[in-house]
Amino acid sequence: RGAGGEVTSSPIAIIGMAGRFPGASTIDELWQVLVEGRETIRFFSPDELHPSIPDHKKNDPAYVRARGLIAHADDFDPLFFGLTPALAELMDPQQRVFLEIAWETLEQTGCLPQHFGGAVGVFAGCGPNTYFLNNVQHHPDLIEQVGAVNVTTVNEKDYIASRTAYQLNLKGPAVSVYSACSTSLLAIAQAVQSLRSGQCAVALAGGACITAPLLSGHRYEEGAMLSHDGHTKTFQAGSTGTVFSDGAGVVLLKPLDAAQRDGDTIFAVIKGVGVNNDGGDKGSFTAPSTEGQAGAIRMALADGQIDPATISYVEAHGTATPLGDPIEIEGLTLAFGEQTQKQFCRIGSIKSNMGHLTAAAGVAGLIKTVLALHHRKLPPTINFSEPNPAIDFASSPFVVNNTLTDWSTTDEPRRAGVSSLGVGGTNVHVVLEEAPDSGPTHREQLTAPVGTPKRGNRNNEQLTLPQLITWSARSESSREGYAQRLADVLTQPNTPTLADVAFTLQTTRPDFKQRRFAVASTTDELVQTLRADAQKATTNTLRQSPDELVFLFPGQGAQFLGMGRELYEAEPVFRQAIDECAALLINQLDVDIRMVMYSETTADEATNRAAEQRLNNTKYTQSALFVTEYALAKLWMSWGIEPTILCGHSIGEFVAAQLAGVFSLPDVLTLIATRGRLVSEQARGRMLSVRLEAEAVLELLPDTLSIAAINSRNLCVVAGPDEHLADFARLLDQREVPNRLLMTSHAFHSAMMDSVVDVFEAVVKQAKLNRPQRPIVSTVTGQLLTDAQATDPHYWATHLRETVRFADAADTLLAMGNPLLLEVGPGQALTTLVRQQSSPKPVTVWPGLASYINKDSAYRAMLTTLGQLWINGATPNWKVFYETQTRQRVLLPTYVFDRKRYWVEPVSVTTAPMRKPILQQRILELLERASGIDVTDVTPDMPFLEIGLDSLLLTQLAQTFKKEFGVPITFRQLTSQFGTIGEVAA
């Protein structure tokens with residue numbers, strides 16, 4: 001709005017398009033049809049015509065067996081849109097196809113409500129609902145079953161916009177628009193005004209037209225609008241009119257400044273719109289008007305402040321009628337005014353390719369013109385060789401563009417006009433301009449700070465790491481169909497980078513329950529995975545979201561040299577956490593902990609062994625483990641993987657406590673460094689893993705040894721002095737109890753730690769202890785940590801002496817309904833223990849940091865775990881995941897609908913070749929409804945008795961058939977003469 005509040009003529013960007021056209025099911029396919037100059041009208045043989053068409057019509061010499069059809073107009077995926085199959089079968093196919101293309105446009109542009117915060121408007125219209133008139137209304141039984149009101153809401157033209165808003169959860173204006181042939185361009189003009197007035201942030205606009213019966217033609221009448229030969233020959237001498245065809249199209253509009261700010265793809269810009277009506281000053285209601293059309297065009301030029309001399313193409317309404325085409329050129333010439341140059345503006349019409357899409361004609365012409373601006377080529381208007389003698393092109397600004405032409409330009413941007421003229425006189429004109437040249441389009445401005453490493457940096461390919469590709473659907477068929485379609489796109493030239501594919505899928509697509517992911521380093525690897533058997537792929541049906549998300553922190557023994565180094569190099573959040581901890585520890589240790597963790601491996605084995613020994617020195621080990629696990633947790637949490645419960649094994653519980661707010665970071669690092677130093681100063685001891693339940697171990701255990709840990713129901717760790725532990729190991733060997741000596745420097749959690757407890761407690765008392773802000777499952781008690789325990793210095797002091805009861809803690813976690821567990825630390829020891837503990841009950845638990853140093857394999861493991869978390873119901877914050885990188889939203893395939901045929905046939909169908917399969921299908925439906933038997937595997941030649949029908953059901957079925965089909969069929973005939981579905985149908 002201007003300073004005074006008035007609505008300004010601000011430019012509107014076209015940022016998305018989708019459609020179904022004769023011979024083209026996508027926008028890309030439409031462009032191929034146009035540039036190749038193909039005609040996509042279908043010409044039917046007499047046998048192909050729908051059997052409901054009476055013989056006297058189809059045999060009339062004036063009957064033209066031609067029409068443009070869209071593929072699968074009778075198919076639909078009702079469950080995707082939350083509609084029942086029974087209702088979908090009775091729903092106007094115009095509304096069904098508009099739902100599909102509206103979804104595709106929003107998905108492609110990232111404007112679905114799940115990802116877009118602004119209000120989305122819908123402006124749409126459709127043609128007369130001939131499907132209801134010819135098919136649905138003659139099935140009162142089906143209407144009664146679904147409900148007359150429900151059937152009305154999916155068939156009345158009034159509801160096409162509000163139905164779309166409801167099914168897609170759109171909160172902006174939802175306005176159904178009707179003006180005959182100019183309906184969809186009028187919808188676009190109305191959407192422009194809505195955007196300019198601030199009623200919505202983006203707006204869908206378009207229309208649909210589908211005529212039933214599909215396989216039908218028209219009767220030619222001289223002087224009327226329809227062609228005598230099935231071709232539309234716009235501006236051609238001798239042309240007699242057009243062909244009414246099926247089609248649908250929609251565009252997504254957004255204010256230009258907002259589209260540029262948000263980095264959207266801008267296909268073209270709407271500069272001005274004009275709408276008026278001829279009024280009564282013309283020969284008849286259906287007659288066109290030169291003055292009326294010229295007025296709408298002038299209005300659009302004035303709205304966009306455009307000099308007509310700068311327009312180099314006009315997409316005409318172009319119905320190819322002897323009277324209509326000359327009047328349209330006369331109106332355009334009048335609107336353009338006196339021009340010194342003649343024939344500077346090319347003109348054409350998409351109707352020459354596919355006929356007149358009636359209510360969808362305007363949006364079809366607009367999409368064609370937008371594509372021409374985008375590709376900078378003008379497609380040919382076909383079926384043109386000699387102009388209509390009533391058109392004086394030589395004296396006009398226009399020349400028919402009948403060959404594929406490069407759209408050259410001077411200093412002015414490329415501009416075009418699009419006209420759509422409705423029977424009844426509603427004229428609409430839109431002025432378009434090519435998208436402003438503002439560098440790469442559709443790019444997210446997510447540039448990392450200078451000097452910060454970037455994961456998979458597009459500009460530094462040698463550092464490119466594997467990418468996580470995720471996709472989902474409402475059905476398994478759609479999920480796998482999408483995998484195949486994406487693979488097909490990625491094998492084409494000029495494919496986007498894997499990083500951009502991953503970014504686009506994760507930031508523009510919603511999460512459905514049928515999920516699959518892939519981790520790939522190259523496009524070829526991803527394509528191979530996409531085309532792999534789904535049974536061998538990583539898939540899941542998410543039936544229930546996790547009740548809890550648990551972080552598990554491992555204890556001493558999980559460490560390895562270089563743990564997390566690749567994350568330190570490439571993940572700023574991880575690196576910042578490590579650096580912060582290292583700075584706080586510098587006064588506690590005699591070395592920078594990063595030098596201990598990330599010592600470079602060399603060719604000298606002695607040097608490498610020395611580095612490993614230093615890391616395994618308890619003085620440093622506990623600090624190194626804490627720092628790594630803390631940084632990992634911070635990284636996962638920054639990605640939106642937020643824990644609801646924390647649990648740590650031994651030293652890992654200190655990480656849990658810090659994240660829960662029990663300790664400040666400086667205090668806990670002081671405690672960890674002190675704990676490690678005190679333990680390292682004690683007499684050396686050993687630890688022994690024993691494959692035996694705790695009660696049985698206690699019966700054998702001498703007083704000199706302690707049970708340090710109960711890790712599972714059948715796995716304990718015993719600790720104590722070397723010589724006593726060796727004797728105990730020999731005893732176990734004699735009893736054939738499996739046992740293994742652990743590589744540790746001390747007997748942790750044993751009596752050998754008793755002397756440390758009081759000293760450590762004095763240090764703990766100097767720290768401020770707080771009530772936990774997140775639940776913690778204690779591995780001292782195996783139960784939830786109480787506020788009293790969390791704030792008791794004695795609890796944390798004796799922590800290093802008490803038995804680690806991880807088995808009890810695991811039981812507590814597994815009892816929490818449907819937990820999702822993530823091991824946040826090096827290795828997968830706790831993952832293994834939890835899986836053993838849960839058997840035979842399945843549990844979802846994943847390791848977070850594999851014991852790899854190689855960048856590719858370590859990242860692959862990390863991303864695989866992230867993919868598994870997503871598959872099992874965790875919701876990553878993808879925007880944060882990508883915030884340190886430069887990523888580009890790219891055009892990828894949209895949802896692959898799981899379509900099936902939902903179509904009722906007219907009751908009057910009588911032609912045998914098509915009638916029998918229709919009847920067989922209807923008989924199957926009646927049989928299933930009467931008996932409740934699943935008829936999926938029932939064939940037409942299967943006897944009723946073999947299907948499982950008894951005499952009572954057969955009697956009921958005979959009555960049903962008599963009522964449904966009006967034939968006197970009896971129970972006895974169903975058991976003899978007409979004993980199969982096929983025989984009854986015949």
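Let me sum up the structure you'll find in this document.

## Digging into the nonpolar core
Then, in step 1: Counting 138 residues, the largest nonpolar core has Phe-551, Trp-636 and Trp-796 as its most contacted members.
Then, in step 2: Residue contacts for Trp-636: discarding those within four places in its chain leaves Phe-551, Ile-641, Leu-822, Val-824, Gly-848, Met-862, Thr-865, Leu-866 and Leu-869.
Then, in step 3: In this structure, Leu-112, Leu-168, Leu-252 and Leu-256 belong to the second largest nonpolar core, which totals 59 residues.

## Some thoughts on the pairing of strand β17 (residues 415–421)
Then, in step 1: Of all seven residues in β17, seven are buried; the element is thus mostly enclosed.
Then, in step 2: Of the two faces of β17, the one lined by Arg-415, Gly-417, Ser-419 and Leu-421 and the one lined by Ala-416, Val-418 and Ser-420 are each fully buried.
Then, in step 3: As judged from the three bridges shared by strand β12 (residues 313–315) and β17, these two strands associate in the parallel manner. Looking at the pairing, Val-314 lines up with Gly-417 of β17.
Then, in step 4: As paired strands, β17 and strand β18 (residues 426–434) are joined by seven bridges and run antiparallel to one another. Of the residues in β18, the one forming a bridge with Gly-417 is Val-431.
Then, in step 5: The hairpin formed by β17 and β18 contains four residues between the paired strands, and Gly-424 there has a positive phi angle of roughly 105 degrees.

## Observations regarding the side chain of Gln-514
Then, in step 1: In this fold, Gln-514 is placed in strand β20 (residues 514–520).
Then, in step 2: Here Arg-479 takes part through its side chain, which lies 2.6 Å from a polar atom of the side chain of Gln-514.
Then, in step 3: Apart from residues no more than four positions distant in its own chain, Gln-514 is found in contact with Trp-471, Ser-472, Ala-473, Arg-474, Ser-475, Glu-476, Arg-479, Asn-540 and Thr-541.

## Considerations on the sheet that holds strand β15 (residues 398–400)
Then, in step 1: Spatial strand order, β7-β6-β8-β10-β1-β11-β18-β17-β12-β13-β15: eleven strands in an open sheet with mixed pairing. The strands lining the two open edges of the sheet, one partner per strand, are β7 (174–176) and β15. Here the strands of the sheet are splayed against their neighbours by 25 degrees on average, with no regard to which way each runs.
Then, in step 2: When strand β1 (residues 12–20) meets strand β10 (residues 247–255), the two strands line up antiparallel, connected through eight bridges. Looking at the pairing, Ala-13 lines up with Lys-254 of β10.
Then, in step 3: Running over the sheet, helix α12 (residues 324–336) touches β12, β13 (345–348), β15, β17 and β18 and is turned about 145 degrees from β15.

## Some details on the side chain of Arg-415
Then, in step 1: Assignment of secondary structure puts Arg-415 in strand β17.
Then, in step 2: A distance of 2.6 Å separates a polar atom in the side chain of Arg-415 from a polar atom in the side chain of Glu-433.
Then, in step 3: Setting aside residues up to four positions removed in sequence, Arg-415 forms contacts with Ile-306, Thr-310, Ile-311, Ser-312, Tyr-313, Leu-373, Trp-407, Leu-432 and Glu-433.

## What to know about empty space enclosed by the protein
Then, in step 1: Counted by the stated rule, this structure contains three cavities of 30 Å³ or more.
Then, in step 2: As a volume, the largest cavity reaches approximately 160 Å³.
Then, in step 3: Taken together, 17 residues line the largest cavity, and the ones lying closest to its centre are Glu-107, Trp-471, Ser-472, Arg-509 and Pro-510.
Then, in step 4: If you list the elements that add at least two residues to the lining of the largest cavity, you get β19 (467–473), α15 (476–490) and α16 (498–508).
Then, in step 5: With four residues, the single largest contributor to the lining of the largest cavity is β19.
Then, in step 6: Partitioning the lining of the largest cavity into residue classes produces ten nonpolar, four polar and three charged.
Then, in step 7: Its volume calculated, the second largest cavity comes out at about 60 Å³.
Then, in step 8: Where the lining of the second largest cavity is concerned, the elements lending two or more residues are α19 (572–585) and α33 (878–881).
Then, in step 9: For the lining of the second largest cavity, the residue count by class is five nonpolar, two polar and three charged.

## Re the pattern of salt bridges
Think of it this way: side chains of opposite charge can pair up when their charged atoms draw near.
Then, in step 1: For the structure shown, the criterion picks out 45 salt bridges.
Then, in step 2: Where Asp-264 meets Lys-254, a salt bridge forms, and the shortest distance between an N and an O atom there is 2.7 Å. Pair noted here: Asp-264 is in the loop between α10 (256–262) and β11 (268–277) and Lys-254 is in strand β10, with a separation of ten residues, a long-range link.
Then, in step 3: On the accessibility criterion, Asp-264 (5% relative accessible area) is buried.
Then, in step 4: By relative accessible area, which is 3% here, Lys-254 ends up buried.
Then, in step 5: Here Arg-901 makes a salt bridge to Glu-905, at a shortest N to O gap of 2.7 Å.

## With respect to the packing of aromatic side chains
Aromatic ring pairs: the centre-centre distance and the angle between the two ring planes describe each pair.
Then, in step 1: Enumeration over the complete set of coordinates arrives at 28 aromatic pairs.
Then, in step 2: Ring geometry for Phe-336 versus Phe-344: centroids 6.4 Å apart, planes at 35 degrees, classification tilted.
Then, in step 3: Under the relative-accessibility criterion, Phe-336 is labelled buried at 3%.
Then, in step 4: For the ring pair Trp-878 and Phe-881, a centre distance of 5.5 Å and an interplane angle of 90 degrees mean the geometry is edge-to-face. Here Phe-881 and Trp-878 lie together in helix α33, a separation of three residues that amounts to about one turn.
Then, in step 5: Taking relative accessible area as the criterion, Trp-878 reaches 7% and is therefore assigned buried.
Then, in step 6: Cluster of aromatic residues (ring-pair linked, three or more members): Phe-76, Phe-80, Phe-81, Trp-103, Phe-512, Tyr-895 and Phe-897.

## A few points about unusual backbone geometry
Then, in step 1: Going from Ala-212 to Pro-213, the amide bond is cis rather than trans, its omega being 0 degrees.
Then, in step 2: Mapped onto the fold, Pro-213 is located in the loop between β8 (202–209) and β9 (218–219).
Then, in step 3: At Asn-169, a residue that is not glycine, the phi angle is positive and equals roughly 60 degrees.
Then, in step 4: Here Asn-169 lies in the loop between α8 (160–168) and β7.
Then, in step 5: Overall, Asn-169 belongs to the partly exposed group, its relative accessible area being 42%.

## Some remarks on the environment of Ala-502
Then, in step 1: Here Ala-502 is to be found in helix α16.
Then, in step 2: With near-sequence residues (within four places) excluded, Ala-502 lies in contact with Gln-467, Leu-468, Ile-469 and Tyr-882.

Analysis parameters
- Residues numbered from 1 in each chain as written.
- Predicted model: local features only at pLDDT ≥ 70, side-chain atom pairs only at ≥ 80, totals over all residues.
- Heavy atoms only, no water.
- Core = buried A, V, L, I, M, F, W, Y, C linked by side-chain atoms within 4.5 Å.
- Buried < 20%, exposed > 50% of the residue type's maximum accessible area, 1.4 Å probe, protein only.
- Contact = heavy atoms within 4.5 Å.
- Helix = DSSP H or I, 4+ residues; strand = E, 2+ residues; numbered from the N terminus.
- Pairing = 2+ DSSP bridges.
- Polar contact = N/O pair within 3.5 Å; in protein donor to acceptor, adjacent residues only side chain to side chain.
- Axes fitted to C-alpha atoms, helices over the stretch in contact; angles between N-to-C directions.
- 1 Å grid on protein atoms, 1.4 Å probe; cavity = no way out; pocket = protein on both sides within 12 Å on 5 of 7 lines; lining within 4 Å.
- Points joined across faces, edges and corners; volume = space filled by probe spheres on them.
- Nonpolar A, V, L, I, M, F, W, Y, C, P; charged D, E, K, R; others polar.
- Salt bridge = Lys/Arg side-chain N within 4 Å of Asp/Glu carboxyl O.
- Phe/Tyr/Trp six-rings, centres within 6.5 Å; stacked < 30°, edge-to-face > 60°.

Remember, this is a structural readout, not a statement about activity or role.
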